Amino acid sequence: MIAISKRLEKVTTYIPEGATIADIGSDHAYLPCYGVQKGIIRHAVAGEVNKGPFDSALSQVKALGLEDQIEVRMGDGLEVISAHEVSVVVIAGMGGQLISNILTRGKDRLPGVERLVLQPNMGAKFIREWLEVNGWVLVNESILEEDEKIYEILVAKRSKNPEKLTEAEKLLGPFLIQEKSETFKKKWKREKNNWERIVRQLQQAIPSDEITKRKNELEKKIEFVTEAIK
Ligand code: SAM
């Protein structure tokens with residue numbers, strides 16, 4: 001059994017047993033290899049846009065003798081799969097904006113996909129906005145710390161009329177706000193301190209509409225976070 005990070009291991013817990021998946025941005029194909037070895041994943045497409053990670057993924061799959069269950073394909077985002085080919089799409093280890101971008105550009109490949117498991121390193125808000133606009137609803141969220149970095153995992157399914165999230169829920173995560181874990185509090189205390197420092201700097205700057213707008217935005221986020229972590 002290959003060893004993978006705590007972060008990727010947690011991602012695999014959101015993949016239903018027997019699923020066919022696409023892992024987009026699959027450097028070393030760690031996630032599909034682990035998932036297949038553990039008997040969670042039946043078949044996987046490991047997609048990579050860059051030659052180096054593509055080659056590493058190919059070597060890993062070959063070294064473990066998993067070529068029958070994992071196909072490594074080179075291409076940009078979801079273009080490596082066809083509609084109705086997989087039941088789950090995993091995109092992990094990228095920024096929330098990039099993940100949303102990949103989903104938008106690959107919309108025509110999403111028919112047949114029942115679940116999205118997304119792990120942004122930052123900017124989860126962009127993904128929550130994307131899900132709401134595009135007919136998906138969050139069914140679970142998770143937050144964890146590894147090597148002094150904090151990661152969020154977002155799990156979504158299709159919904160005909162997704163409930164609208166509040167601004168605070170988009171920023172912080174509806175499930176994570178409820179759970180209020182120590183890791184959640186740690187992440188947002190850190191962000192809040194940072195925003196408060198920026199607000200103090202903006203207060204010293206020459207006033208302008210732009211500065212007032214920025215200050216108001218930050219103060220609003222500080223208010224959401226103060227409420228959520230108290
Ligand atoms: N998913 C793995 C993980 O979570 O550990 C690897 C994360 S790594 C930081 C991001 C990977 O995504 C890189 O290997 C990069 O080449 C790949 N990538 C970035 N943009 C991509 C795109 N548009 N399509 C496919 N792969 C992409």
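Residues numbered from 1 in each chain as written. Predicted model: local features only at pLDDT ≥ 70, side-chain atom pairs only at ≥ 80, totals over all residues. Heavy atoms only, no water.

Enquirer: Just checking my understanding: could you explain the site of the ligand for this structure?
Expert: In the region of the ligand, 15 residues are neighbours, and R7, G25, E48, D76 and G77 sit closest. Measuring from a nitrogen atom of the ligand, one finds a backbone N or O atom of V49 at 3.5 Å. Separating a nitrogen atom of the ligand from a backbone N or O atom of G77 is a distance of 2.8 Å. Considered on its own, the ligand offers 600 Å² of accessible surface; in the complex 79% of this is hidden by protein. Put simply, the parts of the chain that give the shell around the ligand at least two residues each are α1 (6–12) and β4 (88–94). (Near = heavy atom within 4 Å. Polar contact = N/O pair within 3.5 Å; in protein donor to acceptor, adjacent residues only side chain to side chain. Areas by Shrake-Rupley, 256 points an atom, 1.4 Å probe, with all protein chains shown as cover. Helix = DSSP H or I, 4+ residues; strand = E, 2+ residues; numbered from the N terminus.)

Enquirer: I'm lost on the nonpolar core in this one. Help?
Expert: One recurring pattern in soluble globular proteins is that nonpolar side chains are buried together. Counting residues in hydrophobic clusters, the biggest one holds 31 residues, and the most contacted among them are I15, I21, I70, V90 and V117. Elements with a contribution of two residues or more to this core: α1, β1 (19–24), α2 (30–37), β2 (41–48), α3 (51–63), β3 (70–74), β4 and β7 (149–158). Here this core gets 4 residues from one element, more than from any other, and that element is α2. When residues no more than four places from it in sequence are discounted, the contact partners of V117 are V11, Y14, V88, V89, V90, I91, I153, L154 and V155. Formed by 26 residues, the second largest nonpolar core is a distinct cluster that contains I81, I91, L138 and L154. (Core = buried A, V, L, I, M, F, W, Y, C linked by side-chain atoms within 4.5 Å. Buried < 20%, exposed > 50% of the residue type's maximum accessible area, 1.4 Å probe, protein only. Contact = heavy atoms within 4.5 Å.)

Enquirer: For this particular structure, what's the right way to read the packing of helix α8 (residues 182–204) against helix α9 (residues 209–229)?
Expert: Helices that pack against each other are described as a pair by the angle of their axes relative to one another and the distance between those axes. Here α8 crosses α9 at 150 degrees, and the two axes come no closer than 9 Å. On the basis of the axis angle, α8 is roughly antiparallel to α9. Both α8 and α9 take part in a crossing whose hand is left-handed. For the pair α8 and α9, contact is made by F184, K185, W188, K189, K192, W195, E196, I198, V199, L202 and Q203 and by I211, R214, K215, L218, E219, K221, I222, V225, T226, A228 and I229, respectively. Looking at the contact of α8 with α9 residue by residue, the class counts come to 12 nonpolar, 2 polar and 8 charged. (Axes fitted to C-alpha atoms, helices over the stretch in contact; angles between N-to-C directions. Parallel < 35°, antiparallel > 145°, perpendicular 65-115°, else oblique. Left-handed = near helix turned anticlockwise from the far one by under 90°. Nonpolar A, V, L, I, M, F, W, Y, C, P; charged D, E, K, R; others polar.)

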